[in-house]
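Overview (structure and organization)
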Amino acid sequence: MRIIYVIVKLLTFPGAMTHAFFEHLSCRVCKILVDDARTFRTDEMLSHTEHELVKRRAPSFDICFIPFLFNLFFGIVTVSSAAVAVLYLGSYKNALLWFLFYMGISFLTNLFPQMEDVLMLKENIYNEKTNIFIKIIVAPFFAVFYAGAQLERFGLTLLTSVGFAFALPYILGLFVPRLYDLISAI
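This is a predicted model, so every value here is computed, not measured.

Attention shifts here to the overall build of the chain. Along its length, the chain carries eight helices and two strands. Scanning the chain from its N terminus toward the C terminus, one meets helices and strands in the order α-α-β-β-α-α-α-α-α-α. For the chain, the residues scored as buried account for 46% of the 186 residues in total. Across the chain, every contact between residues at least 6 apart in sequence was considered, and the portion connecting residues at least 24 apart equals 72%.

Bringing helix α4 (residues 95-109) into the picture now. Between its first and last C-alpha atoms α4 spans 21 Å; for 15 residues at 1.5 Å apiece the expected length is 21 Å, and the two agree. Among the residues of α4, Leu97, Phe101, Met103, Gly104, Ile105, Ser106, Phe107, Leu108 and Thr109 are the ones counted as buried. Structurally, α4 contributes buried residues whose contacts are with α1 (2-11), α2 (13-29), α3 (57-88), α6 (132-153) and α7 (157-175). By the N-cap criterion, in which a side-chain oxygen at the helix start approaches the backbone nitrogen of a residue two or three places on, α4 is capped by asparagine 94, the distance to leucine 96 being 3.1 Å.

Looking now at the packing of aromatic side chains. Counted by the stated rule, this structure contains 15 aromatic pairs. Between phenylalanine 61 and phenylalanine 141 the ring centres are 5.5 Å apart and the planes differ by 80 degrees, which places this aromatic pair in the edge-to-face class. Of this pair, phenylalanine 61 sits in helix α3 while phenylalanine 141 sits in helix α6, and the two are 80 residues apart along the sequence. Ring centres of tryptophan 98 and phenylalanine 101 lie 6.0 Å apart, and the angle between their planes is 85 degrees; this geometry places the pair in the edge-to-face category.

Before going further, it helps to spend a moment on the pattern of salt bridges. Pairs may arise between side chains of opposite charge once their charged atoms sit close together. Within this structure, the stated rule accounts for one salt bridge. Between glutamate 152 and lysine 9 there is a salt bridge, and its shortest N-O distance comes to 3.4 Å. Taken together, the residues glutamate 152 in helix α6 and lysine 9 in helix α1 connect sequence positions 143 residues apart. Of the two residues, glutamate 152 and lysine 9, both sit in the buried class.

Here we take up α1. All of the buried residues along α1 are Tyr5, Val6, Val8 and Lys9. Around the axis of α1, the buried residues are gathered within 160 degrees of arc, so they sit on the same side. Buried residues in α1 make contact with α2, α4, α6 and α7.

Moving on, we come to a nonpolar patch on the surface. Where nonpolar side chains cluster on the molecular surface, the patch consists of Phe13, Leu96, Phe99 and Tyr102 and spans about 400 Å² of accessible area. Tallying contributions element by element places α4 first for the nonpolar patch, with three residues. Structurally, phenylalanine 99 is set in helix α4.

As a further point, take the packing of α3 against helix α5 (residues 115-125). For the pair α3 and α5, the least separation of the axes is 9 Å and the interaxial angle reads 150 degrees. If you check the angle between α3 and α5, you find them roughly antiparallel. Crossing of α3 against α5: the hand is left-handed. Across the interface between the two elements, Arg57, Ser60, Phe61, Ile63 and Cys64 from α3 touch Asp117, Val118, Met120, Leu121, Asn124 and Ile125 from α5. For the contact of α3 with α5, the class distribution of residues is seven nonpolar, two polar and two charged.

Looking now at the environment of tryptophan 98. Along the chain, the position of tryptophan 98 falls in helix α4. Remark: the alpha-carbon pair of tryptophan 98 and valine 79, spanning 19 residues in sequence, is separated by 9.5 Å. The residues contacting tryptophan 98, other than those within four sequence positions of it, are Val86, Ser91 and Tyr92.

Turning next to the nonpolar core. By size, the foremost hydrophobic cluster in this structure holds 21 residues, and its most contacted members are Val79, Phe101, Val118, Leu121 and Phe145. Contributing elements (two or more residues each) for this core: α3, α4, α5, α6 and α7. Top contributing element to this core by residue count: α3, with six residues. Not counting residues up to four positions away in its chain, the partners in contact with leucine 121 are Ser60, Phe61, Cys64, Phe142 and Phe145. Ranked by size, the runner-up nonpolar core spans seven residues in total, among them Cys30, Ile32, Val54 and Ile63.

The rules we used
Residues numbered from 1 in each chain as written. Predicted model: local features only at pLDDT ≥ 70, side-chain atom pairs only at ≥ 80, totals over all residues. Heavy atoms only, no water. Helix = DSSP H or I, 4+ residues; strand = E, 2+ residues; numbered from the N terminus. Buried < 20%, exposed > 50% of the residue type's maximum accessible area, 1.4 Å probe, protein only. Contact = heavy atoms within 4.5 Å. Expected span 1.5 Å × (residues − 1). Polar contact = N/O pair within 3.5 Å; in protein donor to acceptor, adjacent residues only side chain to side chain. Phe/Tyr/Trp six-rings, centres within 6.5 Å; stacked < 30°, edge-to-face > 60°. Salt bridge = Lys/Arg side-chain N within 4 Å of Asp/Glu carboxyl O. Arc of directions from axis to C-beta. Patch = residues over 30% accessible without salt bridge, like charges linked within 9 Å, V, L, I, M, F, W, Y side chains within 5 Å. Areas by Shrake-Rupley, 256 points an atom, 1.4 Å probe, with all protein chains shown as cover. Axes fitted to C-alpha atoms, helices over the stretch in contact; angles between N-to-C directions. Parallel < 35°, antiparallel > 145°, perpendicular 65-115°, else oblique. Left-handed = near helix turned anticlockwise from the far one by under 90°. Nonpolar A, V, L, I, M, F, W, Y, C, P; charged D, E, K, R; others polar. Core = buried A, V, L, I, M, F, W, Y, C linked by side-chain atoms within 4.5 Å.

Structure follows, in structure tokens:
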């Protein structure tokens, strides 16, 4: 399965490197020592920054959440504009739209943190010292991070990203009725 993981990461290298950049940046902001700054390797650390173990709650959450947030934002912005035009309005010959579609899929494929970081988040949040309200607030984020990290280990985030790209125009159509009329007319 590691080969599939590496192939997916290499196919989506712009999103992988963006995730690694924001993970490295969040380590620097949280004052966490980066052990190895190489992010383009052919092992499970591809697109991840190797850093020391995090013993505090907030930095542990930040290392998981900040790269997730930025890749999610970049992915939704780029894939939404391209998916509506390419998949549903028939702009198949526009190379820029296909490039935006690829970039959006690339960002969305590389959303999730490494399993080691998710388990460290669990260890830091779900212990006897943490307030119950913090545990409740972090629970949905932890569930998404854990499920995404599991999918990423087997390279399945590429499939979920493509499925999301096909469904996104319909999701946007719920909020913008005119867009839904355009899509349903096709």
